[in-house]
Amino acid sequence: QRGDPDGVAIVLDRAVFKDEDLRERRDAPGKEIQGRMGGVHVKRNDSDLFLFVGYAFTRNAVKAQRRRFWEGLAQICSGFADRVQMIGGLDANTHVGTKPAVKTSDPPEEDPITRIGTEGAEQDCAQAPEFRHLLWMAGLFAINTFEGRGGSHTWWGFGDDEGHRIDYLLGDVRTHET
């Protein structure tokens, strides 16, 4: 796409998924966030999944632009039947620590769904409230894709040699419950 080289893709193995398994493709709901998110609904005899990806704007982007990303991602992840399991990958360009969720009506601080663990936990930054809201609204939980401080493949800041946990796998909260 012209003007914005950023983009995400979902690649499905044809040995696993057949054309008839693809039920729906969902793209970003607006031109400004096109290429930054998408998903496919696949259904087979043994599974009914919505696989999605997202690439958030960095903290330097205009706040309204960042908000449109998070609202758009929530939109493509909504409206599915209860049987559909959600699985996603997200470069959130933010980190979420152990702070409580943003709304006072949300679960308490120790709820494992609205926080990202205590092991090497990061301090919340600019987009953490939007990320938390997405998790809460879409019924998702997040897992970091790599070790935090000192072992990260993602570097944050201008010349900083410190890694941060900003990439996540997202799963359906119903698979997390015990």
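Residues numbered from 1 in each chain as written. Predicted model: local features only at pLDDT ≥ 70, side-chain atom pairs only at ≥ 80, totals over all residues. Heavy atoms only, no water.

### A word on the overall build of the protein
And then number 1: Of the regular secondary structure elements, the protein holds 3 helices and 6 strands.
And then number 2: What you see in the protein, going N to C, is helices and strands ordered as β-β-β-α-β-α-β-β-α.
And then number 3: Across the 178 residues in the protein, those meeting the buried criterion constitute 44%.
And then number 4: For the protein, the share of sequence-separated contacts (at least 6 apart) that also reach a separation of at least 24 residues comes to 67%. (Helix = DSSP H or I, 4+ residues; strand = E, 2+ residues; numbered from the N terminus. Buried < 20%, exposed > 50% of the residue type's maximum accessible area, 1.4 Å probe, protein only. Contact = heavy atoms within 4.5 Å.)

### Some words on the side chain of Asp-48
And then number 1: Locating Asp-48 in the fold gives a position in strand E3 (residues 47-55).
And then number 2: Engagement of the side chain of Asp-48 in a polar contact is seen with the side chain of His-41, the distance being 2.5 Å.
And then number 3: Within the structure, Asp-48 has its side chain in polar contact with the side chain of Arg-83 (distance 2.9 Å).
And then number 4: Once residues lying within four places of it in the same chain are set aside, the contact partners of Asp-48 are His-41, Val-42, Lys-43, Arg-83, Val-84 and Gln-85. (Polar contact = N/O pair within 3.5 Å; in protein donor to acceptor, adjacent residues only side chain to side chain.)

### Some thoughts on the side chain of Arg-66
And then number 1: Inspection of the secondary structure assignment puts Arg-66 in helix H1 (residues 63-76).
And then number 2: With no salt bridge to any partner, buried Arg-66 finds its closest opposite charge in Glu-130, at an N-O distance of 5.5 Å.
And then number 3: At 3.1 Å, the side chain of Arg-66 and the backbone oxygen of Arg-59 are in polar contact.
And then number 4: Dropping the residues within four chain positions of it, Arg-66 is found in contact with Phe-57, Thr-58, Arg-59, Ala-61, Ala-126 and Gln-127. (Lys, Arg positive; Asp, Glu negative; His and termini not counted. Salt bridge = Lys/Arg side-chain N within 4 Å of Asp/Glu carboxyl O.)

### Overview of the environment of Gly-7
And then number 1: Secondary-structure assignment places Gly-7 in the segment before strand E1 (22-27).
And then number 2: In this structure, the C-alpha to C-alpha distance between Gly-7 and Arg-36, residues 29 residues apart in sequence, is 5.1 Å.
And then number 3: Setting aside chain neighbours within four positions, we find Gly-7 in contact with Gly-35 and Tyr-55.

### Regarding the nonpolar core
And then number 1: Ranked by internal contacts, the top residues of the largest apolar core, which has 25 residues, are Phe-52, Phe-69, Trp-70, Leu-73, Leu-90, Phe-131 and Leu-170.
And then number 2: The set of elements that each furnish at least two residues to this core consists of E3, H1, strand E4 (85-91), helix H2 (128-138), strand E5 (140-144) and strand E6 (167-172).
And then number 3: Residues Val-40, Val-42, Leu-49 and Leu-51 belong to the second largest nonpolar core, which totals 5 residues. (Core = buried A, V, L, I, M, F, W, Y, C linked by side-chain atoms within 4.5 Å.)

### Let's talk about the pattern of salt bridges
And then number 1: Inspection of every chain in the model, using the stated rule, returns 7 salt bridges.
And then number 2: When the shortest N-O distance is used, the salt bridge between Glu-71 and Arg-67 registers 3.3 Å. One end of the pair is Glu-71 and the other is Arg-67, both in helix H1 and 4 residues apart, which spans about a single turn.
And then number 3: On the basis of relative accessible area, Glu-71 is assigned to the partly exposed category, the value being 44%.

### Regarding the environment of Ile-33
And then number 1: With respect to the helices and strands, the residue Ile-33 is situated in the loop between E1 and strand E2 (37-44).
And then number 2: With relative accessibility at 5%, the residue Ile-33 sits in the buried group.
And then number 3: Between the alpha carbons of Ile-33 and Gly-54 there is a distance of 10.0 Å; along the sequence they are 21 residues apart.
And then number 4: In contact with Ile-33, not counting residues within four places along its chain, are Ala-28, Phe-57, Arg-68, Phe-69 and Gly-72.

### Overview of the environment of Val-84
And then number 1: Here Val-84 is to be found in the loop between H1 and E4.
And then number 2: Residues within four places of Val-84 in sequence aside, it is in contact with His-41, Asp-48, Leu-49, Phe-50, Asp-172 and Arg-174.

### Some words on the confidence of the model for the protein
And then number 1: The predicted model of the protein averages 77 in pLDDT, with 66% of residues at 70 or higher.
And then number 2: Residue range residues 107-115 is modelled with pLDDT below 50. Its contacts to residues more than four positions away, or to other chains, number 19 contacts.
And then number 3: Low confidence marks residues 155-159, where pLDDT is under 50. Its contacts with residues over four positions away, or in another chain, come to 14 contacts. (pLDDT = per-residue confidence, 0-100.)

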